[in-house]
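Residue-level listing of the chains:
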Amino acid sequence: MADAELLIGEVSGYLKPQDVEHIREAIEFSCAAHQGQKRQSGDPYISHPIAVARILTTLHLDVQAIIAALLHDVVEDTEVTPEQVAEKFGKPVAELVDGLSKLERIRFETREDADAENFRKMLLAMARDVRVILIKLADRLHNMRTLGAMPHDKCERIARETMEIYAPISNRLGLNDIYHELQDLSFKYLHPNRYAVLSKALKVARGNRREVLGKILDAVRLRLAEQHIQADVTGREKNIYSIYKKMQSKSLAFAEVLDIYGFRVLVDDFASCYVALGVLHGLYKPIPGKFKDYIAIPKVNGYQSLHTTLFGPFGTPIEIQIRTHEMHRIAAAGVASHWLYKSGHFSINDLHKKTHQWLQELLESLSQSSDSSEFLEHLKVDLFPDEVYVFTPKGKILSLPRGATAVDFAYSVHTDIGNHCIAVKVNHEMVPLRTELRNGDRVEIVTAPYAKPNPAWLGYVTTSKARGHIRHFLKTMQSGESAQFGERMLNQALHALGINPQEMDEAHWDKLLKDTGTKSRQDILADIGLGRRLNMVVARQLARVGETVASETAANAVITIQGTEGMAVQFAKCCRPIPGDPIIGVIKSGQGLMVHTHDCPALRKGRGSGEQWLDVIWDKNITRPFDVSIKLVVANQRGVLAKVAAAIAEAESNIENVNFTNEGAYTALHFTLQVNNRLHLANVIRSLRKIPEVMRIIR
Ligand code: MN
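This structure is a prediction, so every number in the text was calculated from the model and none was measured.

1. Quick look at unusual backbone geometry
And then number 1: You will see that N427, though not glycine, has its phi angle at about 50°, which is positive.
And then number 2: Structurally, N427 is set in the loop between β8 (421-426) and β9 (429-431).
And then number 3: Judged by its relative accessible area of 37%, N427 falls in the partly exposed class.
And then number 4: Unusually for a residue other than glycine, H428 sits at a positive phi of about 70°.
And then number 5: Within the fold, H428 resides in the loop between β8 and β9.

Right, dumping it as structure tokens:
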């Protein structure tokens, strides 16, 4: 195949014979894998990976990258497995192919600028190895060159993605040639009419001026030679999209765009750039205000050059770029310029060093410019990421610090979502809230109105936003809930003393605050709710009733449990009371009220020190679900768990947790279920009894 031979010829120019041999094997391997597949254009599929590899040879990429380019679609589109690639071509190649397959699966959907920026960062972060991005850009470039064969609607989507994502990435990495070609090709498919008109006008304009331009070129070469400056002078085609942008941003007609004729002057060293500039300014007059010194102040992607525009003969404006060969090399290949002009091959560590070195050189060349640190900060995030980029269910992208968990994600979407999250799905699978997120994850938070932040979350959140909101919530809710509950306890104590709580006005409270040295009414109520103060004592102090009132009356005070008190009231894990169960409240200093069932075995052990027991009853209108534990003894038969789960679901209950223990011929299933009340639990048990394998049900 002709293309394959061209590729072999190109790599032979800069790689060792044994590397060329490996590339030959990769061509054969890829050819066999893609056997029978065709591109949209009708060409055999193998033409694509070979073309991608050939684009990379212009950057002199190493043997691993060229092989990975040849194999970049085999894992995604053929029967070949990553293991086979690793076995045949080594782990580094397999990792490059794997990185490319991952990028292949994510797609840019939204149009917002901020999202496009995040998407670009996500791609760079996911790639890790900069060669993955270089191969991806070459892949996209070839797809854009052959886009005409695609159906119209697909063309537009791919062109838009290229314009918004891949062109800016190539620009940021300093790959100017690829950048300009991607821009022009995207422009062609996004605005076919404008592209057609502009490219025709450009052709005509260049044709008309060919003779004049030839004369100018000769004059420039001659003058530089007279001044003993070694220089390569070439004509330069400006890319159509940048002319279009200039017309748009400055509201110019095509004829008014000055710099469509351009020359490039390449010299040997830094000083010659400025000498050449002086010589050319002596040849033709410069247009004032058009001179730019990108050598002293390089562009953020490392581009260095002098730009000036001259009044040529017959009023032809000519833009001239002057730079050294070294600067030109970086201008064309950017981050890849280290492979260019470098023969031989090096290890992954070398590659990292090279990338580092590129950054370092950029930093040094930027040291005079004011925004260098900001730029470096930016680039570090891109190439050596300490952030992760994840999708919301609607396809928006959020950036989070590395190590962030689902709870961090929930809070970064919205405070309410964080405060009410109970579960999370990552890539459509239920995972624990503490799960660390990875680049490209699609994260969906499940919320419930009654859910509240858990103090345990503080152990694994990484964002200050999440931490702050959880702390704030715990603090205010704890005292708020406790105060509300404390107020109910106080009112009941006052009633028990025969006092209407309404009668306790500001004067009563002011006196109480003074006597007790407390700051606010809220604090006292919270103290009662948390069991730090006894409601009867505070009621007496408040009403200034003598100690003589019989304290037994306090026993008549009954607290109603509504299930919405939050942390002020907790339900004991030992007996898991549900609405309808006879219950008793145990109040412990500083811990608020714990609700147990009357027959709780833990309670029977007796009253601990510092505990106060209260009569409590359920409110009639409780709507939230409660956890309840039941034990099922079942015969060991196939499918019994499925039957049990189905029966539970049928009774409209959820399974929160399940454990097994073996008991000889039987198995004990320990369920934690969610039910609304005793009646609901009775329905669940009735439903379970219908299963023949269920021997016993114990709560
Ligand atoms: Mn491809």
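2. Digging into the packing of aromatic side chains
Each aromatic ring pair is described using two quantities: the centre-to-centre distance and the angle formed by the ring planes.
And then number 1: With the rule as written, the count across this model stands at ten aromatic pairs.
And then number 2: Between F29 and F89, the aromatic rings sit 5.4 Å apart at their centres with planes inclined by 85°, giving edge-to-face as the arrangement. Placement of F29 in helix α2 (residues 17-33) and of F89 in helix α6 (residues 82-89) is noted, with a sequence separation of 60 residues between them.
And then number 3: A relative accessible area of 17% places F29 in the buried class.
And then number 4: Taking relative accessible area as the criterion, F89 reaches 12% and is therefore assigned buried.
And then number 5: Its end group placed over the ring of F626, R624 keeps NZ or CZ at 4.4 Å from the ring centre.

3. Examining the pattern of salt bridges
And then number 1: This structure, assessed with the given rule, holds 17 salt bridges.
And then number 2: Notably, a salt bridge pairs K136 with D139, separated by 3.8 Å at the nearest N-O pair. Of the two residues, K136 and D139 are both situated in helix α9 (residues 130-145); the distance of three residues between them amounts to about one turn of the helix. A single burial state applies to K136 and to D139, both of which are buried.
And then number 3: Here R145 and E181 are joined by a salt bridge, their closest N and O atoms 2.6 Å apart. On the criterion of sequence distance, the pair formed by R145 in helix α9 and E181 in helix α11 (residues 176-190) is long-range, its members being 36 residues apart.
And then number 4: For E181, a relative accessible area of 26% gives the class partly exposed.

Quick notes on the rules
- Residues numbered from 1 in each chain as written.
- Predicted model: local features only at pLDDT ≥ 70, side-chain atom pairs only at ≥ 80, totals over all residues.
- Heavy atoms only, no water.
- Helix = DSSP H or I, 4+ residues; strand = E, 2+ residues; numbered from the N terminus.
- Buried < 20%, exposed > 50% of the residue type's maximum accessible area, 1.4 Å probe, protein only.
- Phe/Tyr/Trp six-rings, centres within 6.5 Å; stacked < 30°, edge-to-face > 60°.
- Lys NZ or Arg CZ within 6 Å of the ring centre and 35° of its normal.
- Salt bridge = Lys/Arg side-chain N within 4 Å of Asp/Glu carboxyl O.

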